[in-house]
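The residues making up each chain are set out below.
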Amino acid sequence: MSSIHDIKEESLQLLKDADNLEKLEKLRVEILGKKGLLADLMKQMRDLDKDERPVFGQKVNDLKQELEKIIREKISSFIESEMLKKLSEEKIDITLPGASLKHGNKHPLTLMSDAILELYTSMGYTVVKGPEIELDKYNFERANIPENHPAREMQDTFFVDVERLLRTHTTAIQTRVLESESNNLPIKVICPGKTYRRDDDDATHSHQFIQIEGLLIDENIKMTDLKGTLEVMATHLFGDDQKIRLRPSYFQFTEPSVEVDLVCFNCKGEGCSVCKQTGWIELLGAGMVHPKVLEMAGIDSLRYSGFAFGLGVDRAVMLKYGVKDIRSLYTNDVRLLDMFDRFD
Ligand code: FA5
């Protein structure tokens, strides 16, 4: 029968020889397990006198704790040396390029819209939106384009039913605001939104595009106020030396009416295929709100006057960033979209 001393010596020797985690675990079971050396030792208890038992039990317990402590320490030392070994083997090359996370960026049309809205809100304009599926009433009739008027031909669109259509211009938001704010003058709003037309797509035309409508109604508003406002926008968006050209034009809802052109970004005014050899690219239509439009909305046109403009955001993007074909703004080519990362 082995004595406590013998078991202790034997266990210590076995543990000393254990040189890896696996062996150690096996030994832990052999020494401390249910059928292990210490359990055998405990069996001797029943052959002892009653008064010797507690002393014996205490000694076996002390040994058990001592051996457990040794095993725990060995386990941590194995884990530590394993880790050190791994660290020395796996060298990290900190000069390798990092795995960068791909992040999205704002679409150029959003960048441009944001810039325009920011400018106008800084001048005290309020942003107002309207429905894309619009009533004929607000898109045409209130804009002084009655049923069967030939001007409707130029803005043919997609009809949902006889009364509802995909709006052809943000002037539809203008006529809505004129009506809802007729008793709340002056009006100073900036209205962004998608617009749709049955236009043939080419380098500068798309069947869906974005417009931003500006509208200011107050007493004594003059054409020079409109011109000054547009010049501020042109230089703010395109740089201090950006020239604009006001061309006489005709809209049913403004009188007088103008179209506003910017020098072509591609040829700088020389004439090229992008600007159809004119040296200019049309950015917006504008004018003094027609007295009839004011009256239809319930506003006294003898007391109040104002200007409105409708700007093509797509055209503005083309002019600012030199995008040669409007269609590339809608085909989601990441090579183009990635270029705008740095403009935000
Ligand atoms: C209008 O839509 C008028 N509602 C603008 C207006 C508002 C005039 C308020 C007076 C007062 P026009 O059809 O010219 O006008 O379009 C205005 C701008 O939208 C154009 O200058 C152009 O920049 C843009 N645009 C027009 N059609 C297209 C198209 N198919 N694709 C891309 N941009 C377009």
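Residues numbered from 1 in each chain as written. Predicted model: local features only at pLDDT ≥ 70, side-chain atom pairs only at ≥ 80, totals over all residues. Heavy atoms only, no water.

A. Up close: the pairing of strand β4 (residues 187–196). Among the ten residues that make up β4, eight are buried, leaving the element largely enclosed by the rest of the structure. Two strands pair when backbone bridges link them, and strand β1 (residues 126–127) and β4 are joined in this way by two bridges, in the parallel orientation. Residue pairing for β4: valine 127 is matched across the bridge by isoleucine 190. For β4 and strand β5 (residues 208–218), the ladder comprises ten bridges, and the chain directions are antiparallel. Among the inter-strand pairings, cysteine 191 is bridged to a residue of β5, identified as glutamate 213. (Buried < 20%, exposed > 50% of the residue type's maximum accessible area, 1.4 Å probe, protein only. Helix = DSSP H or I, 4+ residues; strand = E, 2+ residues; numbered from the N terminus. Pairing = 2+ DSSP bridges.)

B. Geometry of the packing of aromatic side chains. The full count for this structure, using the stated rule, is three aromatic pairs. Ring geometry for tyrosine 120 versus tyrosine 125: centroids 5.0 Å apart, planes at 85°, classification edge-to-face. For the residue pair tyrosine 120 and tyrosine 125, the accessibility class agrees, reading buried in each case. Centre to centre, the rings of tyrosine 120 and phenylalanine 309 are 5.4 Å apart; their planes meet at 40°, and the pair counts as tilted. Of this pair, tyrosine 120 sits in helix α5 (residues 108–122) while phenylalanine 309 is found in strand β9 (residues 305–312), placing the two residues 189 residues apart along the sequence. Side by side, tyrosine 120 and phenylalanine 309 carry an identical accessibility label, which is buried. One aromatic cluster is present, built from ring pairs that chain together Tyr120, Tyr125 and Phe309. (Phe/Tyr/Trp six-rings, centres within 6.5 Å; stacked < 30°, edge-to-face > 60°.)

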